[in-house]
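Architecture and fold: a report
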Number of protein chains: 4
Amino acid sequence: MSSTFGNYLRVTTFGESHGGAVGAVIDGFPANIPLTAGVIQIQLDRRRPGQSSITTQRDEADTVEILSGVENGRSLGTPIALVVKNKDQRPNDYAITNTIPRPSHADYTYMIKYGVTAKSGGGRASARETVGRVAAGAAAEIFLREKFGVEIVAFVSSTGDVSVGVDSGCSVNSGDSSSKNRIDINTITRDIVDRNPIRCPDPQAAESMEKLIKRVRDDGDSIGGVITCVCRNVPAGWGEPVFQKLEAMLAQAMMSIPAAKGFEIGSGFAGAAMRGSEHNDPFTRGGGQCPPAAPLATKTNNSGGIQGGISNGAPIYFRVAFKPTATIGKEQITTDYQGNETVLKSAGRHDPCVTPRAVPVVESMAAIVLADMALRAGYN
Amino acid sequence: MSSTFGNYLRVTTFGESHGGAVGAVIDGFPANIPLTAGVIQIQLDRRRPGQSSITTQRDEADTVEILSGVENGRSLGTPIALVVKNKDQRPNDYAITNTIPRPSHADYTYMIKYGVTAKSGGGRASARETVGRVAAGAAAEIFLREKFGVEIVAFVSSTGDVSVGVDSGCSVNSGDSSSKNRIDINTITRDIVDRNPIRCPDPQAAESMEKLIKRVRDDGDSIGGVITCVCRNVPAGWGEPVFQKLEAMLAQAMMSIPAAKGFEIGSGFAGAAMRGSEHNDPFTRGGGQCPPAAPLATKTNNSGGIQGGISNGAPIYFRVAFKPTATIGKEQITTDYQGNETVLKSAGRHDPCVTPRAVPVVESMAAIVLADMALRAGYN
Amino acid sequence: MSSTFGNYLRVTTFGESHGGAVGAVIDGFPANIPLTAGVIQIQLDRRRPGQSSITTQRDEADTVEILSGVENGRSLGTPIALVVKNKDQRPNDYAITNTIPRPSHADYTYMIKYGVTAKSGGGRASARETVGRVAAGAAAEIFLREKFGVEIVAFVSSTGDVSVGVDSGCSVNSGDSSSKNRIDINTITRDIVDRNPIRCPDPQAAESMEKLIKRVRDDGDSIGGVITCVCRNVPAGWGEPVFQKLEAMLAQAMMSIPAAKGFEIGSGFAGAAMRGSEHNDPFTRGGGQCPPAAPLATKTNNSGGIQGGISNGAPIYFRVAFKPTATIGKEQITTDYQGNETVLKSAGRHDPCVTPRAVPVVESMAAIVLADMALRAGYN
Amino acid sequence: MSSTFGNYLRVTTFGESHGGAVGAVIDGFPANIPLTAGVIQIQLDRRRPGQSSITTQRDEADTVEILSGVENGRSLGTPIALVVKNKDQRPNDYAITNTIPRPSHADYTYMIKYGVTAKSGGGRASARETVGRVAAGAAAEIFLREKFGVEIVAFVSSTGDVSVGVDSGCSVNSGDSSSKNRIDINTITRDIVDRNPIRCPDPQAAESMEKLIKRVRDDGDSIGGVITCVCRNVPAGWGEPVFQKLEAMLAQAMMSIPAAKGFEIGSGFAGAAMRGSEHNDPFTRGGGQCPPAAPLATKTNNSGGIQGGISNGAPIYFRVAFKPTATIGKEQITTDYQGNETVLKSAGRHDPCVTPRAVPVVESMAAIVLADMALRAGYN
């Protein structure tokens with residue numbers, strides 16, 4: 001059951017990094033939504049390898065084919081099967097991992113769980129598994145956009161120790177003079193995000209980040225980072241009050257992305273140091289800028305658009321921390337599967353920093369969560 | 001479906017803050033596990049209100065009754081129904097919330113979603129809902145302890161701006177000389193945690209935290225905090241590789257606790273600033289201190305005991321950020337449901353800081369996640 | 001997971017025959033539906049033991065208590081916990097089953113699966129488990145009636161070899177002159193059904209059935225029977241096209257009732273002997289008698305109100321076969337758990353024929369299936 | 001969610017009759033099971049159209065391709081994606097159904113539910129959807145055979161009014177002298193079943209059935225039938241005691257097959273006319289012929305191998321009734337979607353009797369149910 005996400009919109013991904021294909025089946029997608037391979041391809045292209053010198057050089061066109069569920073450019077209400085053929089598999093690059101599990105990768109735990117050596121690039125633990133997520137997420141997003149005008153934009157807000165400031169929605173800090181150089185989550189667009197290969201909307205920070213990534217790449221090393229994501233125009237009333245709070249489902253979705261180590265919504269960890277009187281988001285009459293349709297709005301948005309597990313109409317924003325890629329070229333002193341000490345110097349193609357290509361993955365998982373909640377709320 | 005958690009061990013909680021009872025039904029609990037109301041009561045007592053001057057003065061004995069699933073002190077393999085009667089309901093304390101939604105509470109979003117005013121203390125959004133979680137989690141924990149020797153210990157690691165250092169398992173930092181005053185997750189016990197009402201194992205920090213909490217309480221205000229939790233002796237091989245990664249399910253579970261704003265595992269957000277060569281946990285021959293049974297161990301534990309969604313035998317540790325309680329006595333300028341500006345000064349009994357009583361809730365949700373994964377892995 | 005039914009309306013039952021209580025938790029029940037213990041009690045009273053000389057003499061008032069989810073006579077949208085205390089447990093009646101598994105009962109298979117002897121009347125395999133189903137089904141039915149005017153009526157259509165004719169909805173046979181003595185599923189009501197203790201609406205057949213049941217009872221034996229159920233005013237469009245066809249979910253629901261051995265919908269097994277030209281239900285302009293709201297109606301109803309897994313607006317009707325009660329007073333040559341031949345003469349109180357009391361159970365399971373489908377279709 | 005079956009082994013099918021492909025994704029399939037496209041192809045070939053003069057003349061090779069989850073002839077424990085390309089789509093054959101819904105087909109109910117005309121042969125309601133079931137079921141069966149020696153054999157036991165006798169396992173009737181011409185479920189094999197195109201193992205009955213089918217085909221008509229299925233060597237202890245009783249899950253699975261109208265297990269509807277003393281299956285010492293491994297066996301098998309929802313080790317056998325194919329060439333007086341009376345004379349290729357090709361579909365659904373229960377019971 002591990003490869004299915006969602007209860008109403010159910011996305012099942014399949015495919016190994018070096019098998020024949022990767023893809024997804026979406027069950028529960030509403031009928032009569034305009035949908036073409038072309039629109040899905042846009043997000044896949046943002047995720048695909050080889051986009052720039054700072055991403056893996058694996059060469060995959062990642063062309064999606066729709067096998068079912070769509071006819072004459074519209075969804076049928078039946079399962080949508082999306083397939084992307086693998087072209088540039090090089091399982092031999094990974095021969096060494098048959099004897100030496102890569103530190104902090106899934107090789108060892110897979111062996112324990114399945115009794116299968118993670119030949120061919122890690123199988124399901126590869127970033128390649130996210131192709132199916134992005135294909136399905138792109139479809140989910142079209143539904144959200146068509147029916148509700150939902151906009152989802154993610155961007156890189158930190159790489160290693162280089163960070164950018166972010167203005168978080170309707171927050172009290174919005175008018176802050178220091179905000180001139182900060183990213184405004186109310187207005188940020190994918191076009192702006194895609195202006196540089198880092199996908200950080202602050203050009204200066206992006207430049208520093210790019211230099212840093214090239215430096216660690218040249219060292220045969222890798223570096224972590226943080227992605228910030230905003231979901232705008234989400235109607236008030238989505239989410240469930242107890243175990244499937246909207247922020248809880250977003251947390252599961254984001255923490256299920258390979259290399260994710262942390263998730264925070266709204267004020268997040270910083271909110272833990274605040275007092276209630278400064279953290280609470282007082283209400284104001286709605287119809288204003290932030291949540292136009294809902295009867296009430298909030299003056300600030302420390303809640304991150306969700307209260308008690310349910311959206312309040314304000315922008316939903318959250319941050320996801322990604323650790324540095326586990327597969328590095330640099331020598332590592334570790335052991336083989338038998339516990340004999342050895343030196344590992346990984347071949348294989350990998351990104352020195354996952355965040356630029358993880359941006360559409362974060363957006364896709366957000367779209368899947370929101371579409372599931374939309375259907376749960378009775379919109380279909 | 002919102003009130004059920006888990007796939008193999010399924011916990012359904014029920015009950016409103018000011019209704020007749022709260023509780024849980026556990027479906028899928030294995031047969032022949034020793035189980036009594038008394039053992040469950042221990043954790044409920046750690047969660048119950050009125051334990052000290054820094055917690056809410058609501059007076060609830062929170063005595064659990066087992067209605068089914070247990071006979072002669074052993075589980076039958078059938079659903080276990082656990083009920084705790086509410087005694088000290090005071091719905092009238094909340095009359096004001098019928099007209100004025102509390103800022104950053106669930107009153108407004110509930111109204112939008114259900115068309116129901118959150119009379120009587122917030123209904124399911126109340127911390128009282130966690131009684132069912134703790135009762136069920138205590139049972140889950142007994143299963144984990146009996147069958148695998150799993151130990152779960154949570155503690156308060158920060159309150160407002162007061163924090164303690166934590167030694168994270170087998171990490172390279174373990175031997176650090178500065179660690180004398182740090183909490184060692186390998187050895188921390190609930191007995192140590194419970195030595196002060198804050199549930200922070202560093203006595204000096206606990207004292208500062210207590211002072212801070214009393215200060216904000218006297219201001220009619222509230223304060224946030226962070227809980228750190230460790231799960232020891234979890235066998236290698238638990239968790240699922242894609243959407244239901246162990247860390248993803250823990251993230252959902254923790255972010256579903258009222259007031260949670262952030263979750264991080266292992267290195268967490270700090271890991272996002274690291275390089276792969278320093279973040280990777282190299283393998284060493286197993287049988288050592290940390291994961292005694294597994295063939296391999298890791299020299300460090302930045303992974304937090306999980307790699308690729310699957311436990312590796314090392315201690316699993318994570319941190320959960322809690323915002324300050326939304327219900328405060330201090331005056332707030334906000335609006336009523338119609339958008340008319342007004343001043344709200346909440347009555348009602350509440351904790352100025354949720355973390356001391358959230359400690360058993362965090363442990364319980366961890367136990368529910370792990371027991372679900374244990375059964376999924378075929379142990380029953 | 002075995003004790004939960006449904007995906008959108010999720011009913012979890014709990015309780016052993018000779019434990020403290022039986023009951024159910026309903027998750028996903030819509031808000032603002034009028035609901036009281038009194039309305040639920042009506043169906044429980046139809047199910048409870050001791051109603052007449054032909055049912056078990058166990059004495060249970062089966063008074064339901066609503067622990068949560070309802071306030072001021074209306075549902076809150078939160079889980080509804082329903083509890084019925086057991087009063088007249090006599091576990092000692094069943095002492096013999098600790099050593100000798102009853103033929104065709106669940107004693108032996110429970111022992112194999114759970115390693116637990118089925119002391120105290122069979123635990124979850126007892127008909128007493130159906131208390132929770134009926135309580136939850138009564139609530140589901142109120143939702144269906146309030147929102148859609150759905151009417152569900154079941155009755156006994158055969159006992160042993162005594163049967164009654166049934167006119168099946170809009171079928172070509174409706175006008176048949178021989179139908180004077182047949183039960184018309186378009187007009188049958190619970191009031192009519194309850195006119196005799198057999199719950200067979202044909203008084204003459206009921207009398208023969210009662211005689212038969214008394215005869216087998218006096219022989220220390222038991223007898224099987226068939227229940228027919230009709231669901232009227234179900235809107236067209238409920239049900240799912242593939243694995244969760246409406247008839248498939250009804251089949252699962254009915255075959256999950258203790259002692260059920262067969263299920264058929266519409267023409268059923270008889271339909272297997274027909275030609276397409278006589279079996280097909282041709283369309284006619286809607287607005288007629290049968291499915292008033294839908295644009296089209298069918299001239300006949302061999303489909304039983306469902307086509308391709310989805311309701312078409314015509315009455316849904318189906319039949320459920322029940323085997324004779326396994327627990328009989330008559331001597332049986334069988335073995336103990338060790339395989340030693342022995343003679344078993346069961347004590348314990350049981351119904352010589354389950355069908356009269358199974359009538360509300362069938363109705364309740366039908367209501368749970370339909371309410372789940374209603375919510376799935378977006379009504380909430 | 002409608003296109004997924006199972007909880008532990010989850011099969012999701014996709015594909016429309018006249019779209020690009022049909023197929024399935026199996027999630028939860030255990031690792032290290034030998035699996036090739038060739039073994040799956042065997043069952044697909046038994047289901048594919050054009051096998052004989054009595055089946056549809058649609059020409060489909062139905063060649064399966066495994067896209068993921070298998071490497072070097074062994075399963076990886078990851079999702080297995082199975083795809084069968086459609087070759088002989090003729091959507092134009094179905095143009096008429098855009099204006100006139102076929103009586104007793106899904107055209108009308110689909111339109112109501114999805115607002116989509118069932119162009120191109122009915123979409124998901126087509127028998128073509130069962131390709132994915134058979135592909136997935138074949139894989140499930142290999143797991144069951146490899147690990148437990150389970151054997152599943154289905155056959156046609158009646159067509160129209162032509163029926164064959166069946167000896168049901170260890171039943172008291174086994175030794176009956178009249179049983180010489182009856183099908184013995186203990187020994188029947190697929191080889192025997194496949195000796196004639198009807199898939200009825202009694203050669204004389206098969207001949208009569210074939211004549212009947214040709215006669216109705218020549219009339220432009222169709223005919224129904226019954227399939228009997230037996231599952232041998234199922235270990236005792238599979239199945240769940242309440243809502244997911246083994247017979248309940250089989251019932252859902254079978255009633256989800258297009259055209260199924262009835263399901264009965266063991267004694268079935270006939271059992272409803274029996275007394276407990278004749279219906280009960282007394283125990284005898286195990287190790288005998290029927291359930292070799294289990295400690296106890298039963299002298300008869302009216303239970304159909306399941307007691308209280310859990311397998312007892314005896315052969316599981318059941319019957320499924322199929323209505324006559326709805327699509328017929330014969331003229332039908334019906335209406336168009338607007339309710340105007342019209343005459344429909346369907347083109348399109350269809351089977352005059354679905355049962356011969358439904359045999360592997362029944363076996364496949366049985367395999368999926370049993371594999372799900374096997375995993376649930378902890379075998380993986």
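Counting from 1, residues in each chain are numbered in the order their sequence is written. Chains and ligands are labelled sequentially in the order written, the chains with letters from A and the ligands with numbers from 1. With pLDDT at 70 or above as the cut-off, local features in this predicted model cover only qualifying residues; side-chain atom pairs require 80 or more to be listed or tallied, and sums for whole chains, interfaces and linings still use all residues.

1. Examining the overall build of chain A
Scanning chain A from N- to C-terminus turns up 9 helices and 21 strands. Evaluated residue by residue, chain A yields a buried proportion of 69% over its 380 residues. Taking all contacts inside chain A whose residues are at least 6 apart in sequence as the whole, residues at least 24 apart take part in 70%. Helix numbers and strand numbers start at the N terminus; a helix is a DSSP run of H or I with at least 4 residues, a strand a run of E with at least 2. Three exposure classes are used, all based on how many other C-beta atoms lie within 10 Å of a residue's own C-beta (placed from the backbone): buried at 20 or more, exposed at 12 or fewer, and partly exposed between those limits. Here contacts are defined at the residue level, using C-beta atoms placed from the backbone and a cut-off of 7 Å between them.

2. Describing the sheet that holds strand 6 (residues 70-71) of chain D
Residue and element names in this part refer to chain D. Across the sheet, which stays open at both edges, the 3 strands sit in the order 4-7-6 with antiparallel pairing between neighbours. Unpaired on one side and paired on the other, strand 4 (31-34) and strand 6 mark the two borders of the sheet. Pairing between strands is defined by DSSP: at least two bridges between the two strands are required. Where strand 6 and strand 7 (residues 74-76) come together, 2 bridges link them in antiparallel fashion. Following the sheet pairing, E71 is matched in strand 7 by R74.

3. Some remarks on the sheet that holds strand 8 (residues 80-85) of chain D
Residues and elements named next belong to chain D. Ordered in space as 1-2-3-8-5, the 5 strands form an open sheet in which the pairing is antiparallel. Pairing within the sheet leaves two strands with one partner each, and these edge strands are strand 1 (4-5) and strand 5 (64-66). Sheet analysis places strand 5 next to strand 8, joined by 3 bridges and oriented antiparallel. Looking across to strand 8, one finds that V64 is bridged to V84.

4. What about the interface of chain B and chain A?
Facing 90 residues of chain B, the contacting portion of chain A comprises 90 residues. Ranked by the residues each element gives to the side of chain B that touches chain A, the list is headed by helix 6 (residues 246-255) of chain B, at 6 residues. Its residues placed into classes, the side of chain B that touches chain A shows 38 nonpolar, 37 polar and 15 charged. As paired elements, strand 14 (residues 260-265) of chain A and strand 14 (residues 260-265) of chain B share 3 bridges and run antiparallel to each other. Gly falls in the polar group here, along with every residue not listed as nonpolar (Ala, Val, Leu, Ile, Met, Phe, Trp, Tyr, Cys, Pro) or charged (Asp, Glu, Lys, Arg).

5. Let's talk about the relation of the copies chain C and chain D
For the pair of chain copies, the relating transformation is a rotation about an axis with a translation along it. Least squares is used to superpose the copies, and the fit set is the C-alpha atoms of residues whose pLDDT is at least 70 in both copies. Each copy superposes on the other: chain C lies on chain D with an RMSD of 0.0 Å after a rotation of 180 degrees and an axial shift of 0.0 Å. Such a combination of turn and shift is consistent with a two-fold rotation axis. Taken together, the interface assignments show that 100% of the residues at the interface of chain C recur at the interface of chain D, consistent with an identical surface on both copies.

6. As for the relation of the copies chain B and chain A
At an RMSD of 0.0 Å, chain B and chain A line up after a rotation of 180 degrees and a shift of 0.0 Å along the axis. Residue by residue, 100% of the interface of chain B is reproduced at the interface of chain A, so both copies engage with the same surface.

7. Regarding helix 6 of chain B
By the criterion of burial, helix 6 of chain B is predominantly enclosed, with 10 of the 10 residues buried. Within helix 6 of chain B the residues assigned to the buried category are L246, E247, A248, M249, L250, A251, Q252, A253, M254 and M255 of chain B.

8. Overview of the confidence of the model for chain A
Residue and element names in this part refer to chain A. Per residue, pLDDT measures the predictor's confidence, with a range of 0 to 100. With 89% of its residues at a pLDDT of 70 or more, chain A shows a mean pLDDT of 88. Throughout residues 170-179 the model reports pLDDT below 50, and contacts reaching past four residues in sequence, or to other chains, amount to 17 contacts. Contacts of residues 288-293 to residues separated by more than four positions or lying in other chains number 15 contacts, the stretch itself having pLDDT below 50. The complex prediction reports pTM at 0.94, with the ipTM value standing at 0.95.

9. Description of the interface of chain C and chain D
A common way to state how big an interface is: give the accessible area lost once the parts meet. Across the contact, 89 residues belong to chain C and 90 residues belong to chain D. The element that contributes the greatest number of residues to the side of chain C that touches chain D is helix 6 (residues 246-255) of chain C, accounting for 6 residues.

10. So, unusual backbone geometry
For residues other than glycine, phi is negative in most cases, and the peptide bonds are mostly trans. All names here are of chain B. In the Ramachandran plot, S104 falls in the positive-phi region, its phi being about 65 degrees despite a non-glycine side chain. Structurally, S104 is set in the loop between strand 8 (80-85) and helix 2 (107-114). Under the C-beta neighbour-count criterion, S104 is labelled buried, with 31 such atoms within 10 Å.

11. Concerning the environment of A371 of chain B
All names here are of chain B. Note on placement: A371 falls in helix 9 (residues 355-376). Residue A371 is classed as buried on the basis of its 30 C-beta neighbours within 10 Å. When the C-alpha atoms of A371 and F29 are compared, they prove to be 8.9 Å apart, with 342 residues separating the residues in sequence. Setting aside residues up to four positions removed in sequence, A371 forms contacts with L9, A140, F143 and L144.

12. Re the packing of helix 1 (residues 37-47) of chain B against helix 9 of chain B
Residue and element names in this part refer to chain B. Contact geometry for helix 1 and helix 9: axes closest at 7 Å, N-to-C directions at 140 degrees. When the axis of helix 1 is compared with that of helix 9, the two are oblique. Only R357, P360, V361 and S364 of helix 9 make contact with helix 1, whose side of the interface consists of Q43, R46 and R47. Helix axes are fitted only over the stretch in contact, all axes being lines through C-alpha atoms; the angle between N-to-C directions runs from 0 to 180 degrees. Angles are sorted into four bins: roughly parallel if under 35 degrees, roughly antiparallel if over 145, roughly perpendicular if 65 to 115, and oblique for all others.

13. A look at the environment of L9 of chain A
Residues and elements named next belong to chain A. Inspection of the secondary structure puts L9 in the loop between strand 1 (4-5) and strand 2 (10-14). For L9, a count of 27 C-beta atoms within 10 Å translates into the label buried. Taking the C-alpha atoms as reference points, L9 and M373, separated by 364 residues in sequence, lie 8.3 Å from one another. Excluding anything up to four places from it in sequence, L9 contacts I26, G28, F29, A140, I368, A371, D372 and L375.

14. Concerning the pairing of strand 20 (residues 332-335) of chain B
All names here are of chain B. For strand 20 and strand 21 (residues 341-344), the ladder comprises 4 bridges, and the chain directions are antiparallel. What sits directly across from Q332, in strand 21, is L344. Hairpin geometry of strand 20 and strand 21 is characterised by an intervening segment of 5 residues between the two adjacent antiparallel strands and by a positive phi of about 95 degrees at G339.

15. Side note on the environment of A106 of chain D
Residues and elements named next belong to chain D. As for its position among the elements, A106 is in the loop between strand 8 and helix 2 (107-114). The exposure class of A106 is buried, given the 26 C-beta atoms found within 10 Å. Remark: the alpha-carbon pair of A106 and S126, spanning 20 residues in sequence, is separated by 8.9 Å.

16. Notes on the packing of helix 1 of chain B against helix 3 (residues 130-148) of chain B
Residues and elements named next belong to chain B. Orientation of helix 1 relative to helix 3, taken along the N-to-C sense of each, is 140 degrees, at an axis distance of 9 Å. Accordingly, the angle class assigned to the pair helix 1 and helix 3 is oblique. Crossing of helix 1 over helix 3 shows right-handed handedness. Only T130, V131, V134, A135, G137, A138, A139 and I142 of helix 3 make contact with helix 1, whose side of the interface consists of V39, I40, Q43, L44 and R47. Class assignment for the residues of the contact of helix 1 with helix 3 results in 9 nonpolar, 3 polar and 1 charged. A clockwise turn of the near helix away from the far one marks a right-handed crossing, whereas an anticlockwise turn of less than a right angle marks a left-handed crossing.

17. Examining the pairing of strand 19 (residues 316-322) of chain C
Residue and element names in this part refer to chain C. Of all the 7 residues making up strand 19, 7 are buried; the element is thus mostly covered by neighbouring parts of the structure. Strand direction decides the pairing type here: strand 13 (residues 225-232) and strand 19, joined by 7 bridges, are antiparallel. When the sheet's bridge partners are listed, V226 is paired in strand 19 with A321. Sheet topology places strand 14 (residues 260-265) next to strand 19; 5 bridges connect them, and they run antiparallel. Within strand 19, the residue paired with A260 across the bridge is F322.

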